[in-house]
Amino acid sequence: MDRLYISDILNDSFIDKDVTIKGWVYRWRESGQLVFVIIRDSTNIIQVIFEKSSVDDKTFEIAKKLTIESSVEISGKLVKQGKAPTGYEIQARTIKLYHLAEPFPITKDKSDEFLLDIRHLWLRSREMTATLKIRETLMEAAREYFKENFYHEVTPPMFVGAAVEGGSTLFEVPYFGEKAYLTQSSQFYLEAFIFSLENVYTIQPSFRAEKSRTRRHLTEFTHLEAEAAWVGNQKMMDFEEELIIAMTQALIERRKEELNILKRDIKILKNIEKPFYRYPYEKIIEIGRSKGMPLEDIVDLGEKEEREITADFDKPIFVYNYPKVLKPFYHRPDPEDPNHVLCHDMLAPEGYGEVIGGGERIWSKDELINRILEEGLNPEDYEWYIDLRKYGSVPHSGFGLGVDRTVTWLAGLDHIKNAVPFPRTIRRLKP
Ligand code: 4AD
Ligand code: MG
């Protein structure tokens, strides 16, 4: 490749050499016979200096009228410069102006709401750029881990005919005179795939008509889901533990600079080691009560409760075997304790709370039909799902990991909206 990126030339081997970069004006300042410009590209930033005495008049005129976000190509000599933000400087010789930007609307101290309104432009910020790279690395590391473990990537449909996670958060869409829904989870389809591919995963959007406005709910989120034949609840937790460690390690190794831009302390990430805590549901209720929360014996923990419970933990916590009444019908009741199901949630530490939900699935046809009826649902809506239990059914487990919540946690962000390029919430569909 002949294109040089800024990160390529921030390097002693280019000192005194002629370099050419392409990018956007990030900062601009004039001081008498000098113009200082910081240029950014997708990789980093670099200072460029235009000296009136060293460039021709036309070049200096262009440099003097540059505006923030103007797109340029600049050539000049690279020198070391301790005072420059990334330690080097280009002494410009020529500039080609591609586009002189109009006044950029993002200046210092804009409100969070404003930055969401112009997200299409805020994507260029160093914070967002760092976050996007962190997201990418986490998904990349997950894919690598799945591959090492003989999982196949599949692509289930997004238009579906029935609820997976309960009717209250279903998005209905008109579908040629019929009703369709946007999928809440690809789980049921992944269960169909295991009879051919055994171990499968997908990274696709899921949709929930979430009315709750919390720091961790979106209406469209990126869902990493996996399903495996012949695997039980505890084994699935082992697998997830290693997945989280593989993702965290990749972040520490490949995204130091980005974590630094977001001021995320790498020491905290280094604490994320095996074994994670594993508590039965009742124990987590006890922990909540010990912190002064008035919790009933059986209660669906919300964002606030999980935040308090996990605040002082340094590593994730698996909470397993929830009371049956708290979970959807597909979870397999514990044969030794049928009021509890063989499931788990993984709660992230530091107050972040639930990041994964998973467990073992009912694999007997009759037991499944009974649970569907018990929940007041119609078995006809789940015909093909029940069908999977008729032909060589096997024990199997799976899980769903919220990618956006994982980014929020591992990057140390304060709100899920900051982990997503174009967040979708009850009040936001634009840009
Ligand atoms: O716990 P949930 O609802 O579980 C399922 O959907 C299972 N069917 C997954 C499976 O076993 N294949 O969702 C799984 C995860 C949650 O732990 C959370 O991280 C994320 O998906 N999630 C959301 N993330 C952002 N906004 C929302 N509204 C979310 N709802 C769930
Ligand atoms: Mg859940």
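Structure's up top.
Overview of the structure.

About the cut-offs
- Residues numbered from 1 in each chain as written.
- Chains lettered and ligands numbered in written order.
- Predicted model: local features only at pLDDT ≥ 70, side-chain atom pairs only at ≥ 80, totals over all residues.
- Heavy atoms only, no water.
- Near = heavy atom within 4 Å.
- Polar contact = N/O pair within 3.5 Å; in protein donor to acceptor, adjacent residues only side chain to side chain.
- Areas by Shrake-Rupley, 256 points an atom, 1.4 Å probe, with all protein chains shown as cover.
- Helix = DSSP H or I, 4+ residues; strand = E, 2+ residues; numbered from the N terminus.
- Nonpolar A, V, L, I, M, F, W, Y, C, P; charged D, E, K, R; others polar.
- Phe/Tyr/Trp six-rings, centres within 6.5 Å; stacked < 30°, edge-to-face > 60°.
- Buried < 20%, exposed > 50% of the residue type's maximum accessible area, 1.4 Å probe, protein only.
- Arc of directions from axis to C-beta.
- Contact = heavy atoms within 4.5 Å.

## Notes on the site of ligand 1
Every one of the 22 residues lining ligand 1 counts as a neighbour, but Glu165, Gln187, Glu225, Glu354 and Val355 are closest to it. Here a nitrogen atom of ligand 1 and a side-chain polar atom of Glu165 are 2.6 Å apart. Within the side chain of Glu354, a nitrogen or oxygen atom sits 2.6 Å from an oxygen atom of ligand 1. Look at ligand 1: alone it shows 620 Å² of surface, and the protein chains cover 94% of it. If you list the elements that add at least two residues to the shell around ligand 1, you get strand E11 (220–229), strand E17 (353–360) and strand E18 (396–402). Top contributing element to the shell around ligand 1 by residue count: E17, with four residues. Taken together, the residues that form the shell around ligand 1 break down as seven nonpolar, seven polar and eight charged.

## Here we look at the packing of aromatic side chains
Taken as a whole, this structure holds 22 aromatic pairs when the rule is applied. Here Phe276 and Phe318 contribute two aromatic rings whose centre-to-centre distance is 6.0 Å and whose plane-to-plane angle is 25°, an arrangement assigned as stacked. Of the two residues, Phe276 is situated in the loop between helix H9 (266–270) and strand E12 (277–280) and Phe318 in strand E13 (residues 317–320); the sequence distance between them amounts to 42 residues. When its relative accessible area of 0% is taken as the criterion, Phe318 is described as buried. For the ring pair Tyr279 and Phe313, a centre distance of 6.4 Å and an interplane angle of 65° mean the geometry is edge-to-face. On the criterion of sequence distance, the pair formed by Tyr279 in strand E12 and Phe313 in the loop between helix H11 (303–310) and E13 is long-range, its members being 34 residues apart. Each of the two residues, Tyr279 as well as Phe313, counts as buried.

## Let's talk about H11
Within an α-helix, residues lying three or four positions from one another point in the same direction, as the helix has 3.6 residues per turn. Among the residues of H11, Glu303, Glu306, Ile309 and Thr310 are the ones counted as buried. In a view along the axis of H11, the buried residues occupy a sector of 135°, so they form one face of it. Looking at the buried positions of H11, the neighbouring elements they touch are helix H10 (281–290), E13, strand E16 (343–348) and E17.

## Concerning the environment of Lys235
Among the secondary structure elements, Lys235 is positioned in helix H7 (residues 233–254). Under the relative-accessibility criterion, Lys235 is labelled exposed at 57%. In the structure, Lys235 is positioned 124 residues away from Gly359 in sequence and 9.7 Å away in space, judged by C-alpha atoms.

## Section: the environment of Lys133
Inspection of the secondary structure puts Lys133 in helix H5 (residues 126–148). Separated by 122 residues in sequence, Lys133 and Arg255 place their C-alpha atoms 7.8 Å apart. Excluding residues within four positions of it along the chain, Lys133 makes contact with Ser42, Thr43, Arg255 and Glu258.

## Digging into the environment of Leu342
Position of Leu342 among the secondary structure elements: in the loop between strand E15 (337–341) and E16. Here Leu342 falls in the buried class, since its relative accessible area comes to 12%. Taking the C-alpha atoms as reference points, Leu342 and Pro323, separated by 19 residues in sequence, lie 9.4 Å from one another. Leaving out residues up to four positions away in the same chain, Leu342 has contacts with Asn233, Asn321, Arg332, Pro333, Asp334, Pro335, Gly359 and Glu360.

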